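Structural overview for review
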Amino acid sequence: MSSRLKKRSVFLGEAVMFISQVSMEIEYINLPLLEILEKVAAGDCCKSLDFIPLCLEKWKKGEDFSVSWENAVEQSSLPMKKEERQKLKSLSMLLGTSDAAGQKNLLGLYANYFSAYYEKAQREYEKYARMCVTLGAVTGTGIFIMLI
């Protein structure tokens, strides 16, 4: 359980970085969405986000972006809660659909959502990690006593 919580926490942290990076690319460089996603996928900040390369692959084969994105998020092996998966899927309706200022504002809202998810995941991980250590120590002590 602790491992899953850690992976979820890492995923959510990278999701926040991804959203922030896409927002900056849209605002300052104004690259096409395909190039932004390729640039993000090639970078180091979002390595665990397995849905980005999958989306790019489907999109380059001619599938509509929003369909590619939603399918890639749905097929992702990342440990997401239903609400997080839905929010991530809904990004497909936002990216590339309005002017740069509108996208930046909405991406800021999504960054706030995912920051809150990340903070909650961090608290859960810390809580359960401490519990696992305590439980392990108690179990180990119990086994030691039984062996004596």
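Above this text you will find the structure in question.
What counts and what doesn't
- Residues numbered from 1 in each chain as written.
- Predicted model: local features only at pLDDT ≥ 70, side-chain atom pairs only at ≥ 80, totals over all residues.
- Heavy atoms only, no water.
- Core = buried A, V, L, I, M, F, W, Y, C linked by side-chain atoms within 4.5 Å.
- Buried < 20%, exposed > 50% of the residue type's maximum accessible area, 1.4 Å probe, protein only.
- Helix = DSSP H or I, 4+ residues; strand = E, 2+ residues; numbered from the N terminus.
- Contact = heavy atoms within 4.5 Å.
- Axes fitted to C-alpha atoms, helices over the stretch in contact; angles between N-to-C directions.
- Parallel < 35°, antiparallel > 145°, perpendicular 65-115°, else oblique.
- Left-handed = near helix turned anticlockwise from the far one by under 90°.
- Salt bridge = Lys/Arg side-chain N within 4 Å of Asp/Glu carboxyl O.
- Arc of directions from axis to C-beta.
- Phe/Tyr/Trp six-rings, centres within 6.5 Å; stacked < 30°, edge-to-face > 60°.
- Nonpolar A, V, L, I, M, F, W, Y, C, P; charged D, E, K, R; others polar.

Quick notes on the nonpolar core
- Judged by nonpolar contacts, the single largest core of 34 residues is most densely connected at Phe11, Phe18, Phe51, Trp69, Leu88, Leu91 and Phe114.
- Residue contributions to this core peak at eight residues, all from helix α1 (residues 2–29).
- When near neighbours in sequence (up to four residues on either side) are disregarded, Leu91 contacts Phe18, Ile19, Trp69, Leu107 and Tyr110.

Side note on the packing of helix α4 (residues 65–75) against helix α5 (residues 82–90)
- At a minimum axis separation of 9 Å, α4 and α5 run at an interaxial angle of 160 degrees. Put simply, α4 runs roughly antiparallel to α5. The hand of the α4/α5 crossing is right-handed. Of the residues in α5, those in contact with Trp69, Glu70, Val73 and Glu74 of α4 are Arg85, Leu88 and Lys89.

A look at the side chain of Ser92
- Checked against the element boundaries, Ser92 lands in the loop between α5 and α6 (100–147).
- Given the relative accessible area of 2%, Ser92 is considered buried.
- Not counting chain neighbours up to four residues away, the residues in contact with Ser92 comprise Phe65, Ser66, Trp69 and Glu70.

Some words on the pattern of salt bridges
- All chains considered together, the criterion is met by nine salt bridges.
- We note a salt bridge from Glu27 to Lys104, for which the minimum N-O separation is 4.0 Å. Residue Glu27 is found in helix α1, and its partner Lys104 is found in helix α6; the two are separated by 77 residues along the sequence.
- A residue is classified by how much of its surface remains accessible, and Lys104, at 31% relative accessible area, is partly exposed.

Observations concerning α4
- Among the residues making up α4, those that are buried are Phe65, Ser66, Ser68, Trp69, Ala72 and Val73. Along the axis of α4, the buried positions cluster into a sector of 160 degrees, meaning they face one direction only.

Focus on the packing of aromatic side chains
- Taken as a whole and assessed by the stated rule, the structure comprises six aromatic pairs.
- With a centroid separation of 5.9 Å and an interplanar angle of 40 degrees, the aromatic rings of Phe65 and Trp69 are classed as tilted. Here Phe65 and its partner Trp69 are both found in helix α4, four residues apart, which amounts to about one turn of the helix.
- Ring geometry for Tyr110 against Tyr113: centres 5.8 Å apart, planes inclined by 85 degrees, an arrangement best described as edge-to-face. In this pair, Tyr110 and Tyr113 are both assigned in helix α6, three residues apart and thus about one turn of the helix distant.

Let's talk about the environment of Asn71
- Note that Asn71 resides in helix α4.
- In this structure Asn71 touches Lys58 and Glu63, once residues within four positions along its chain are discounted.

Description of the environment of Ser115
- Note that Ser115 resides in helix α6.
- Accessibility expressed as a relative area gives 24% for Ser115, which makes it partly exposed.
- Expressed as a C-alpha distance, the spacing of Ser115 and Gly13, which sit 102 residues apart in the sequence, is 7.4 Å.

Some remarks on unusual backbone geometry
- For Asn30, which is not a glycine, the phi torsion comes out positive at approximately 55 degrees.
- Take Asn30: it is sitting in the loop between α1 and α2 (33–42).

With respect to the packing of α2 against helix α3 (residues 51–60)
- Packing of α2 against α3 brings their axes to within 10 Å, and their N-to-C directions diverge by 145 degrees. Note on packing geometry: the crossing formed by α2 with α3 is left-handed. Contact with α2, carried on its side by Leu33, Leu34, Leu37, Glu38, Val40 and Ala41, involves Ile52, Leu56, Trp59 and Lys60 of α3 and no other residues of that element.
- Among the residues making up the contact of α2 with α3, the classes are represented as eight nonpolar, no polar and two charged.

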